[in-house]
Every structure is written in C-alpha cells, then in structure tokens.
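Letter by letter, the chains look like this.
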Amino acid sequence: LSAAADDAAALTRPTNTIEAGSIYSSQNSARFGQYNGLNDGGFYGLGGFDIRGGDGYDQSKNSALRWKLNGSNLGTTSRTVDGSVGDQGKWKVNLGYDELQHNITDSYQTPLQGSVGGNNFTLPTNFGTVNTATGKPGTRFLTPAQASDFQTEKEYVSRKNGSINTSYTFNDQLSAQIDYNHLDQSGAKLIGTGTQGGINLPGGSTGKAEAINMIMNPTSYQTDNVNAALNWKGDKGHLTSGYYGSIFHDDYNSLSWQGAQATGASGCAGSNCYTNNTMSTAPSNSLHQANLTGGYNFTQTTKLAGGFSYGYNTQNSSYAPTLIPQAIGTPYNMMQAGGLPTSSLNGVVETTHGDLKLTNQSIKDLTLTAGFKFNERDNNTSSNTYKYKDLGNAAFTGVNTPYSNSKAQYEASAAYRLTKAQNVTLTYNHENIKRWCNGVVGGAECVASPSTNEDKVDLTYRLKAFEAVNFNAGYSFADRRADAANYLANSGNYANTTVGGQNSNSVLNGGNYAGYVAYPYASRIQNMGKAGVTWQVSQKLDVGVNGRYSYDSYDATLGVQNGRSAGVNVDTTYSYAENSTVSAYWNWQNGQRNLNSGTTGNGTAAYTPNQIVAPLNVWNNQLEDNSNTVGLMTRRGGLLNGKLEVIGDASYALDTTGYSTQVPYSTATACGNSTQLTCGSLSPIKNEIMSLKLTGHYKVHKNGKVALTYMYQKLNSNDYFYYGQQFGTTPNSLMPTNLQMQSYAVNVVALSYNYSF
Amino acid sequence: AEGVQPPAATASAKSPAQMIDRDSECTRCHDENETKPILSIYQTAHGNKADARTPSCQSCHGESVKHLASKSDAPDVIFGAKKTVYTPNKAQDQNVACLSCHEKDPKRTHWQGGAHQAADLSCTSCHVVHSAHDKVREKPTQALVCFTCHQDQKAQANKFSHHPIPEGKIACSDCHNSHGSAGPKLLVKNTVTETCYTCHAEKRGPFLWEHQPVTEDCTNCHTPHGSNITPLLKSRPPFMCDECHDGTHNSISPVAGSAAGIQGGLTGAPANPSTSFTGRACMNCHSMVHGSNDPAGALLQR
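These numbers were taken from a predicted model, which means no experiment stands behind them. (Residues numbered from 1 in each chain as written. Chains lettered and ligands numbered in written order. Predicted model: local features only at pLDDT ≥ 70, side-chain atom pairs only at ≥ 80, totals over all residues. Heavy atoms only, no water.)

Colleague: Residue-level account of the overall build of chain B, with values.
Modeller: The secondary structure content of chain B amounts to 10 helices and 0 strands. When the helices and strands of chain B are placed in sequence order, the string is α-α-α-α-α-α-α-α-α-α. For a compact globule of 302 residues, the expected C-alpha radius of gyration is about 19 Å, and chain B comes in at 27 Å, more than 25% above that figure. The principal-axis extent of the C-alpha atoms belonging to chain B is close to 95 × 40 × 35 Å. Counting all 302 residues of chain B, 54% fall into the buried class. Relative to all contacts within chain B whose residues are 6 or more apart in sequence, the contacts with residues 24 or more apart total 47%. As displayed, chain B has an accessible area near 12,200 Å², and 59% of this comes from carbon and sulfur atoms. (Helix = DSSP H or I, 4+ residues; strand = E, 2+ residues; numbered from the N terminus. Rg over C-alpha atoms; globule rule 2.2 N^0.38 Å. Buried < 20%, exposed > 50% of the residue type's maximum accessible area, 1.4 Å probe, protein only. Contact = heavy atoms within 4.5 Å. Areas by Shrake-Rupley, 256 points an atom, 1.4 Å probe, with all protein chains shown as cover.)

Colleague: Quick rundown of the side chain of Thr12(A)? Include the residues and the values.
Modeller: With respect to the helices and strands, the residue Thr12(A) is situated in helix H1 (residues 2-12). Dropping the residues within four chain positions of it, Thr12(A) is found in contact with Tyr57(A), Leu39(B), Tyr42(B) and Gln43(B).

Colleague: Any details on the confidence of the model for chain B? Residues and values, ideally.
Modeller: Residue and element names in this part refer to chain B. Taken over all residues, the pLDDT of chain B has a mean of 89, while the share at 70 or more is 92%. Across chain B, helix H8 (residues 192-197) holds the top mean pLDDT of 97, while helix H1 (residues 16-27) sits lowest at 78. In this model residues 8-12 is a low-confidence stretch, pLDDT under 50, and it forms 14 contacts with partners more than four residues away in sequence or in other chains. In the predicted complex, the global pTM is 0.94; the interface-specific ipTM is 0.94. (pLDDT = per-residue confidence, 0-100.)

Colleague: Can you tell me about empty space enclosed by the protein, naming the residues and giving the values?
Modeller: Tallied over the full model, the rule gives 4 cavities of 30 Å³ or more. Looking at the largest cavity, its volume works out to about 150 Å³. Surrounding the largest cavity, 17 residues form its lining, Asn297(A), Lys303(A), Ala305(A), Glu103(B) and Thr109(B) being those nearest its centre. In terms of residue class, the lining of the largest cavity is built from 4 nonpolar, 7 polar and 6 charged. If you tally residues by element for the lining of the second largest cavity, the top one is strand S15 (residues 275-280) of chain A, at 3 residues. Partitioning the lining of the second largest cavity into residue classes produces 5 nonpolar, 6 polar and 1 charged. (1 Å grid on protein atoms, 1.4 Å probe; cavity = no way out; pocket = protein on both sides within 12 Å on 5 of 7 lines; lining within 4 Å. Points joined across faces, edges and corners; volume = space filled by probe spheres on them. Nonpolar A, V, L, I, M, F, W, Y, C, P; charged D, E, K, R; others polar.)

Colleague: Give me the interface of chain B and chain A: which residues, what numbers.
Modeller: A common measure of how large an interface is: the accessible area buried when the components associate. Counting residues at the interface gives 136 residues for chain B and 197 residues for chain A. Across the chain B/chain A interface, buried area totals approximately 13,000 Å², and carbon plus sulfur atoms make up 51% of it. It is Lys104(B), Phe160(B) and Arg302(B) that lose the most area in chain B upon contact with chain A, and together they represent 6% of the buried surface on that side. For the pair chain B and chain A, the number of links is 9 salt bridges. Glu216(B) is the partner of Arg435(A) in a salt bridge, and the nearest nitrogen-oxygen pair spans 3.0 Å. At the junction of chain B with chain A, the criterion picks out 77 residue pairs in polar contact (both at pLDDT 80 or more). Listing elements by their share of the side of chain B that touches chain A, those giving two or more residues are H1, helix H4 (91-102), helix H5 (115-118), helix H7 (151-156), helix H9 (212-216) and helix H10 (239-242) of chain B. It is H7(B) that contributes the most residues to the side of chain B that touches chain A, 5 residues altogether. Residues of the side of chain B that touches chain A, tallied by class, amount to 46 nonpolar, 58 polar and 32 charged. (Buried area = accessible area lost by both parts, 1.4 Å probe. Salt bridge = Lys/Arg side-chain N within 4 Å of Asp/Glu carboxyl O. Polar contact = N/O pair within 3.5 Å; in protein donor to acceptor, adjacent residues only side chain to side chain.)

Colleague: Any details on the pattern of salt bridges? Residues and values, ideally.
Modeller: Residue and element names in this part refer to chain A. With the rule as written, the count across this model stands at 26 salt bridges over all chains. Note that Asp365 and Lys364 form a salt bridge whose closest N and O atoms lie 3.3 Å from each other. For Arg481, the salt bridge goes to Asp455, with nearest N and O atoms at 2.8 Å. Here Arg481 is found in strand S27 (residues 469-483), whereas its partner Asp455 is found in strand S26 (residues 451-466), with 26 residues between them in sequence.

Colleague: Lay out the state of the cysteines with the relevant residues and their values.
Modeller: Applying the stated criterion across every chain, the model contains 2 disulfides over all chains. Residue pairing for Cys671(A): its cysteine sulfur links by disulfide to Cys679(A), the two sulfurs lying 2.0 Å apart. Residues Cys671(A) and Cys679(A) share a disulfide whose torsion about the S-S bond is about 70°; that sign makes it right-handed. Between Cys126(B), a free cysteine, and Cys146(B), which holds the nearest cysteine sulfur, the sulfur-to-sulfur gap is 6.6 Å. No disulfide involves Cys199(B); its nearest neighbouring cysteine sulfur is the one of Cys175(B), lying 6.6 Å away. By relative accessible area, Cys199(B) is classed as partly exposed at 37%. (Disulfide = S-S within 2.5 Å.)

Colleague: Describe the nonpolar core, listing the residues and the values that go with them.
Modeller: Residues and elements named next belong to chain A. Counting 44 residues, the largest nonpolar core has Phe127 and Ala260 as its most contacted members. Within the residue set of this core, elements represented by two or more residues are strand S9 (174-194), strand S10 (212-218), strand S13 (254-259) and strand S22 (385-389). It is S10 that contributes the most residues to this core, 4 residues altogether. Leave out the neighbours within four places in its chain, and Phe127 touches Pro111, Leu142, Gln146, Asp149, Phe150, Ala260, Tyr274 and Met735. Listed in part, the 15 residues of the second largest apolar core include Tyr516, Val517, Tyr519 and Val560. (Core = buried A, V, L, I, M, F, W, Y, C linked by side-chain atoms within 4.5 Å.)

Colleague: Could you give an account of the environment of Ala171(B), naming the residues involved and the relevant values?
Modeller: Residue and element names in this part refer to chain B. Structurally, Ala171 can be placed in the loop between H7 and H8. In the structure, Ala171 is positioned 73 residues away from Cys98 in sequence and 23 Å away in space, judged by C-alpha atoms. Here Ala171 is in contact with Lys139 and Gln142, once residues within four sequence places are set aside.

Colleague: Tell me about the layout of surface pockets, and name the residues and values.
Modeller: Estimates place the volume of the second largest pocket at around 270 Å³. Along its surface, the second largest pocket is lined by 15 residues, and Thr132(A), Lys208(A), Asn732(A), Ser733(A) and Asn272(B) are the ones closest to its centre. Looking at the lining of the second largest pocket residue by residue, the class counts come to 5 nonpolar, 7 polar and 3 charged.

Colleague: Any chance you could break down the packing of aromatic side chains for me, citing the residues and the numbers?
Modeller: Between two aromatic rings, the relevant description is the distance of the centres plus the angle of the planes. In the structure shown here, the tally under the stated rule is 15 aromatic pairs over all chains. Geometrically, the ring pair formed by Tyr168(A) and Phe170(A) is edge-to-face, given 4.9 Å between the ring centres and 75° between the ring planes. Relative to Phe239(B), the ring of Tyr659(A) has its centre 4.1 Å away and its plane inclined at 15°; by these criteria the two rings are stacked. Taken as a pair, Tyr659(A) in strand S33 (residues 644-662) and Phe239(B) in helix H10 lie in two separate chains rather than in one. With respect to class, Tyr659(A) is no different from Phe239(B); both count as buried. Between Arg31(A) and the ring centre of Phe160(B), over which it is positioned, the NZ or CZ distance is 3.8 Å. In this structure, Arg236(B) packs its charged tip against the face of Tyr720(A), placed 5.4 Å from the ring centre. (Phe/Tyr/Trp six-rings, centres within 6.5 Å; stacked < 30°, edge-to-face > 60°. Lys NZ or Arg CZ within 6 Å of the ring centre and 35° of its normal.)

Shown next as structure tokens:
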C-alpha cells in the first residue's frame, strides 16, 4: 500500500530536478556554436533546474497557489532562467531572462581599427593608400606592411531578453494581462560599404569612388515591447481590447570608416592619407497599436469572430551627418547647396487591420465559412527633394517615395462530410492589393503594379480508407492579374528640366526594359498539388508518406518566367517495446526558378513609351535548389532492470544551390571565355551536415540519474561567396576580409548528474 | 457539427476534496499502475482542484455511465488519433470538450475555420493533457511536436542558415498561433512584416529611402524556416536582385562563373573580378536593402 501511495504521490506531486555537470567541445567554430553557446573548444558548465511547489499541489489544501523556477544551459551564452508564481484562476506573475549569442563568423579580418559594436573605424597610420587605378594591382597586392595590419575580429550579435508577464482575473467574466519585454542587443554584423569619390588626398591622388570595405555594423539596439489586454467573456461571446507598444532604440545614427583605396599612386604616409566616409544605421522608431478582437456564438453552430487594429508607427531619428571632415581641405559635403530639406524624416506610417469570419455548422455534415480581411500600410511621411552627391561625386537628386499598400481578402469555404470516412473542402479566395505613394514630389506613379487581383480555388479531399489508413489530397489554382504597365519611377536626377512632360531620369518601368516585371508584381498562374497517406499498420508500427508539387508561371517577357517547387516526405516509427521506439525519415525538397533578362537595347532613359526599347540580347538564368535529409532516431528504455535508457539520433543532410546562365546570342568574346565567364554554371553552393548524438541515462539510485552524451557533427561547406574576398583574389577595389568557409568537425561530450526530489 | 454538446458543466463550486471524490469514480481503476500516467494530470492546471474552473475526469470524458458499468464499453469521449483499446471519437467531438472552456479565449478566437480545425485536427493531436510536461507548451520541445506533421519545415530548420529553432531558443509559437489567427500562415500578427518586426524592429522604419518589396512582405527575399544561403535568403545576389531589377545598371549583365572570380576560372591581365558580381555582389555597395535613413542614400548605398 505504501509503495502504491508513493507511486501515486510521484504522479500527483511535482518532481523537482537539479542538473549539474560539464560539457566539452573539441573545436573552435563560430558556425557550430552559432546558437548553442559552444562558441569555442573547451569545457563549459552544464547546469539546469526545474523546481515547482505550492499548496496548489496538495489536494488536501484548499489552495490554488503554485510556483515554479526553471533554468537551462546555465553554463553557456544560451542560458535561460524564469520563474513564476500564481494563484490559479486569480493571478499570475512570471519573470524571465533569456540569452542568445548568434555567432556570424570568427574569420573576418580587417585593417580597420575599432571595437566590435563601435561605429567608428580608422586605419593604422602605416597602412598608406592603395592604388586601384585601372590596370593596377589594387587591393589584391597589398604590401607586406599593409597585410600585417590585418587583425581577426569575431562577429556576433548578443541578445539579452528580460520579460515580466502578469495576469489577473477579476471574476469569471473579466481578466487582464500585461506583458513587458526588454531586448538588449550588442555586437555587430558585417556590411558592405562604398567609399566616397571626389575627395583629394595628400600626395595628389583622390579617393576611389565605390571602393568596397566590409565593416562591422554595430547592433547596439534596445527594444521595449508592451502588450496589455483586458479580456471579457460572457455566455455567448468574448471580447479583448488591447494595446501593443514597441519602442526601438539604436544608440547610433551613423557609421564612419576610413578608406585607403585611391585612384592613383600616392606617396602619402601617416594618419591623414585616407578618405573619411559615413553612412546611416537603423533609425530609432516606435509603434503604438490598439487592438480589438472577439467572437460571438449566435448558436452552438453559428459563430462570428473578428478583430480590428490600428497602429501608429513613427520615426524621427536625426539624419546621419553629411559634412564629413577630410584629411586635407574643407570637409566633404555630401549634400548640394540647399539640398537638405529637413534634418530628420518625421516619418509616420499608419497601419489598419480588420477581419470578420462567420462559420456555420447548422446543416448536418456541412461547415460553411465566410470571411473578410483588410490590411493597410498608409505611409504619410512627407515626400521631399534631396539634392546630394552620389558615391561618384556626381550631382544626384532624389525624391523619397513613401510606399503605401493595402490588401483586401474575401474567403468562402465549404467543408462537407460525404460519408463517415470522407471529407471534401472547397475554398475560394479573392485578394486585391493596391499600392501607392502619398504626395510624391512631381506626382508621378512610384510603384510597380499599382493594383493586383488574385483568385484562388482550393480543393481538399480526405479519406479514412480503413480503420488505420488516412489519405488526403489537395489541389489549388491561383490566377494573379497584375496591373504592371510601364510605370514612372519617381526617383532619380531632378536636376535637369522636364523632358517629354516628365521629370528627367524618372524613367518608365522603373528603369527596367520594356516587358521586364519584378516577380512579386507580375501576373501569375499558380498550380499546386499535394497528397499524403498515413497508415497505422499495427499498434506498434506507423508509416507516413506525403508529397507536394507547385508550378508558377509568370506573364512577363523579361524577369522571372516560371518557378517549380516539389517535396517528398517518408517517415515511419516502430514501437518495439515499452518505452522503446525506432523511427526513420527521409525528406526531399527541390526548387527551381527560370529568369530572362537583357543586356542592351535601352541605352538611354526613356520618358515616353515610344522611347523605351526592348533589349536585343536576352540571356537566361536558372536557379536550382535541392535538399535531401535522412534521419534515424531510437529510444530504448528499461535496460539493466529499468535503470538505463539510451537515445540515439543520426541524420545526414545535403543542400545544394546552383546557378546556370545561358547567353544564346553572339558576343564580341565568347561568353565562356575565361576573361568573361558570362555563361555556364557556377560551382554549386553546397552544405553537407552529418550529425550523430548518443545519450544514456543511468539511474544510480532512486533520486539520481547520470546522463552521458556524445555528439559528433560535421559540416562540409563549399561556397564561391568567399573567393572574391581573399587576399590576392579580390576585385581591384575591394579590401580583403579573408573570410573562410565555415566547415567544421566537432566532437562534444557531456556528463551530468540529475538529482530529483 | 452535429450539435455536439460539452460532456459536462466545466466550472465547479465543489471543494478540492469533493472534486477528488468525483474523480475517484475513475481513479479507483485508472490509478498509478496505468501505462500512461493518468494521475499526473494533478500536476497540471487541469488538476489544480482549488481553482473553481478545474474540470473533473467527467468534464472531458463525459459521465461514461456505460463504461463505469462495463469496461468493454468505451467512455463517452475518447481522445487521441490512434485506436488503442477503444476507437477515438471524431476530432470535432473531442474538441468540443476542450473548447467548452477554452473557446472564449483571444488566442483561440480564430480556431473555427482555421487551418488546423479545417484539417480535422483535435487538441490532443498536439497536446498531452495528462502530462506534467506537455511538450508543445515548452519552448525547447515544442518544434518536435509541430515537425511531426510539418516535415518540410523540420528539414529547413536544420539548414545552414536558420532561426534557432532546433536549439530551442525560438518556438514555432513565437511566430505562429496554431489555434488560428487573422494573419497569413497562422502568424501571431496581422501581417508578415508585423510578425518579423516583433524581434527585428530595426527593420521597421519607416525609412527615408524605402525598398518597396521590403515594406510589403519580408518573404519576398527571405525564407523564414531555413535556407542554404545565409541570411535566410531565397537566392544569392546578384541573381536574387535580378529577379526584380533590370535596366541600366550591372543587373543587366549575365554573370555565371564570373561570380566566383579568379578561383572560378576568371582570367585576364590582370584578372579583376567585378565588385558587382562577387561576394555580396550588388550588396557590396547597395547594402541598405531594408531601407536607408541617410539623406544622401536614395540608391540604398549609405
């Protein structure tokens, strides 16, 4: 009896656990440790706990008070700690802290000096300039002294997240909750930069325009999110009114760096040899949103649900500085005289959402649904003319085009139970998207595809063929019709007077050739099919197979022509004993995209339809993305008289992405010529991941378990992305980063003791 | 659909002891010796008897008078998807038992007509109600439950570039509301961009110089569950940029092997790979693709 009582108590009272141990990783690898906290080779502490209590677990007491404390991964940068206490049905408070270091790379090298997370990077005084004039070796042939100035920096973003969640129940009908979350981000991500042209340097050379330096873009961010809600529920309906606030703050509004690339030889030496450059960073902004959502049951079978929300998003961060001090002469002014209309954007975007859905199940075996959704992003930011100098030091006039869009969706569906074993569902969806800009200077059309209409029909069939066999199949057809007539991109050089009644350089079709349509805005026919079957062969064996295929065809002379997507999944699980299973799976996915583009035929900007000319030479590019994953998992319990449990997990994944370009017209030099390489196939981007994980839990006594885990993971990565960034093989004006491919082979061993009480 | 009624009144004014007595009609047989731990429900919110809303066994499984009289007769409501001793009730009927308490909840407002309800899923397709640790309600293990059906996403989540889902730092429910939502793909917010901005607020702007597809849908360029191309890109520049840009700049040029530079076989005297094609390609200069707030940045370069 006492044993039975103990067993019952073990089930009805919470089991607290404390885990302590150590984990060893064999290799430094930013990629392997990308998210798991095992950033470097060596030992880490392994700690965690799960402790629960309160009279609410004691059935003899009239109390609903329960509390819990949780912690995991305490010895790594992926640690989590949270705790909560609540009188169930009355109130609850939860405090949480979560940490995550996202490693980006540990192989980035740069001569620029400055701390990770800072926003100002300078070159060492002995670096000197690099001559990138045409025909010169440029950055591919840095001097030994310059090469010795490169140092390695680890790129990562650290996210620290603190939260407090509270809820209070006033009575059976009314409750409230307030959630607050503070996210603190630090570190940096690499970003490409182009240097400013037209800056004179000591020694007679000038700064190279659009020379590339990969620099560390700081992520010195704080984001505060508040979610407050008041919930009411009655006999037939419920309603929730809420507020969502999100305040984003960036400690910086600009990023500055020095460029060593020059257009000619320079005898310059010392700290004043470089161009000083500045660009913007992510601006601080805020969103305040009011939300209302609820539902009403007219009857047990007729229900209405809906919601409305209004958001007010603002951004008024001061612009990045435009007057940049230089080594000699006066500071470089990025703006033309009188070219800066405001010192900050004072941007305002209003978002509106509404949805309504009615479901009816009053007719036997038939479920009818009708719904409507509306979303609008109305950008009321002022449009102004900004006259500045581009990276080539040429006068450039831009007009900001505050993009707005709205989407209205209408949906109707009918689900009918044909027999006890068969269901069929037919769904029709109509979607209308509108795009515009408010008050653009010049008043011209600013968007590709001002209007899009799409009709979609979806048919799904489900059959329970036998007691243990379930089959499903579906087909959907979608017809998207886009208004993609040549539009006038209302941005560009407004310095000239109007031509053909339009602003100079406000070219038709956004500067694209006649017939070119960006794929999100092209008319499209989409066909999708899918089917699957699950079979419970016995109470021990399950088998599942499913597949899908889709084909998109775009109505565009140039641009994306079509795309395909397919996938197959096979999985099976066999429960061969109590607490003992083995399962295997295979997943295959394939995606393809076919693109046409043209090289010549529209040499000048077009202002009227008769000026725009279709390209003469059309080339084609094909993308193929292929993925194969196989895995085997097993769990064996009850070994050694129930003291030992073994878990195994092995998987293999191979992902490849390839590009193939065809140039079917004659060129001055054959496209395959090694001085051009404008046609043919790239070596595929390949990532091959093998993983094996074995874990054993051994019960050393009633309250204690020892866990031993071994994991081996290997990544073979091959990506041409890195080639152009290596010292000696960069483009003429790109400062090397020597970024390395992130292959690794890591062994991990973890040993921990888990005490339960 | 057929006027299924909740098995029993759910709210109760009975004392914990009375509730335990009510349960004992079942637990005198379904005790600590059950293969599946029935009694561990007392560790969950459904077993906190001092909360007047807490259900008894009969609240969910029905009065099951026949079952009490004879084990060969099934209880009124059998949960689950697989046949064990008894054949489970239809998902819709199982869900009535849960929704009788949980329907009037803002997180489940859109359950009816939602993707999972339409797919005939029951609550117990994902939830293990009697377990002290319901996997789908705990961040580190939630994805394992979702991946049993969403196997494409399982494979994608383990690709070279992915959100920290396998590492248990992001849960599916951080972005999706599996109980139904007004957003696309059961997203927790009304739009894709709103959902992404909850963590990536630095992309929200509004920016002085906007990039039109960015203001509409992050998935024009990104695939959120995982990609072979970091950071979660659908394609690699310049090819990705070519899908929207043609015209008078370098996006008109066929690239092919020249994107791999000298190691790709490019020669010349001296060989000079293009900054428009190699490495970040277009984004070597046009790096502010999410928008620029620089008054001299109309071309998303600053």
